[in-house]
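Residue-level structural notes
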Amino acid sequence: KAGVTQTPRYLIKTRGQQVTLSCSPISGHRSVSWYQQTPGQGLQFLFEYFSETQRNKGNFPGRFSGRQFSNSRSEMNVSTLELGDSALYLCASSLGGQKTDTQYFGPGTRLTVL
Amino acid sequence: AQTVTQSQPEMSVQEAETVTLSCTYDTSENNYYLFWYKQPPSRQMILVIRQEAYKQQNATENRFSVNFQKAAKSFSLKISDSQLGDTAMYFCACTNTGNQFYFGTGTSLTVIP
């Protein structure tokens, strides 16, 4: 079974631009969560989608948004990029999004904002 | 809100020795789960071990075991017989009834040959 895939793997943008990141979960998984990973901050939860609905949201500004499609693939969008948005963005999928479910992480998208 | 604290940014251990990584957490929930994830250099994050808060028995997975002290809100990871492949960032995490994961800032472990 294929693992969680994320595209693109690397991205360079300039301040003010917007960006869309994509995540394809493991087949059969319905929950997708997004995290921002920066040195010294660890992983910070952005949001979680389950069956095309945002079920949980972290403490990030409205510039960060996401959606999930009927095939469980998810996209994350960041508008009006700031230098501080430079980070590794990870997505994780799980079967039903229950805390008993194991989260499987993708390789991440490395975003650099210049 | 929940917080997870890992007070050891970096650690090292000699191959074949034992090392313990510390983690403390703060939650007002009664029903929660604790996890240790491993992120090898340039590789994907994978689950190492997990513990249900309502279980008193410490979880064990081969060379990996935890010391779960619920009253102290402590959840340390012990790696026995350390191997070179254990070199990685280790993240402690907690999840609550809302299924939202809270991660610590990580501990970078280096196994020295």
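The structure this text deals with has already been given above.
Residues numbered from 1 in each chain as written. Chains lettered and ligands numbered in written order. Predicted model: local features only at pLDDT ≥ 70, side-chain atom pairs only at ≥ 80, totals over all residues. Heavy atoms only, no water.

**Observations regarding the overall build of chain A**
The test is simple: Per the convention used, a helix needs a DSSP run of H or I reaching at least four residues, while a strand needs a run of E reaching at least two, with both numbered from the N terminus. What the globule rule says is 2.2 Å times the number of residues to the power 0.38, and the radius of gyration is computed from C-alpha atoms. Summary of the burial criterion: residues with accessible area below 20% of their type's maximum are buried, those above 50% are exposed, and those between are partly exposed, where the area comes from a 1.4 Å probe applied to protein chains only. Contacts are assigned to residue pairs with any non-hydrogen atoms lying within 4.5 Å of each other. Note on areas: these come from Shrake-Rupley sampling with a 1.4 Å probe, and a residue is covered only by the protein chains present in the view. Positive charge is attributed to Lys and Arg, negative charge to Asp and Glu, and no charge count is given to His or to the chain ends. Charge positions come from single atoms, namely NZ of Lys, CZ of Arg, CG of Asp or CD of Glu.
Helix and strand counts for chain A stand at zero helices and 11 strands. Listing each helix as α and each strand as β along chain A from the N terminus yields β-β-β-β-β-β-β-β-β-β-β. A compact globule built from 114 residues would reach a C-alpha radius of gyration of about 13 Å, and chain A, at 13 Å, matches this within 12%. Dimensions of chain A along its principal axes, counting C-alpha atoms only, are 35 × 30 × 25 Å. Taken across its 114 residues, chain A has 53% of its residues classed as buried. Long-range contacts, defined here as pairs at least 24 residues apart, represent 55% of the contacts in chain A between residues at least 6 apart. Surface exposure of chain A reaches about 5300 Å², of which carbon and sulfur atoms provide 48%. With 12 positive and 6 negative side-chain charges, chain A shows a separation of 3 Å between the mean positions of the two kinds.

**What to know about the interface of chain A and chain B**
Short version of the rule: Buried area is understood as the total, over both parts, of accessible area removed when two parts are fitted together, assessed with a 1.4 Å probe. Salt bridge, as applied in this entry: a Lys or Arg side-chain nitrogen positioned within 4 Å of an Asp or Glu carboxyl oxygen. Under this definition, polar contacts are N or O atom pairs within 3.5 Å; protein pairs additionally need one hydrogen-donor-capable and one acceptor-capable atom, and for neighbouring residues in sequence, both atoms have to be side-chain atoms. Each residue is assigned to one class: nonpolar for Ala, Val, Leu, Ile, Met, Phe, Trp, Tyr, Cys and Pro, charged for Asp, Glu, Lys and Arg, and polar for all the others, Gly among them.
With 24 residues of chain A at the contact, the number on the chain B side is 20 residues. When the two sides are added together, the surface that chain A and chain B hide from each other amounts to roughly 1800 Å², 52% of it contributed by carbon and sulfur. Here chain A is connected to chain B by zero salt bridges. At the junction of chain A with chain B, the criterion picks out two residue pairs in polar contact (both at pLDDT 80 or more). If you list the elements that add at least two residues to the side of chain A that touches chain B, you get β4 (31–38), β5 (42–50), β6 (53–57) and β9 (87–94) of chain A. When grouped by side-chain class, the residues that make up the side of chain A that touches chain B number eight nonpolar, 12 polar and four charged.

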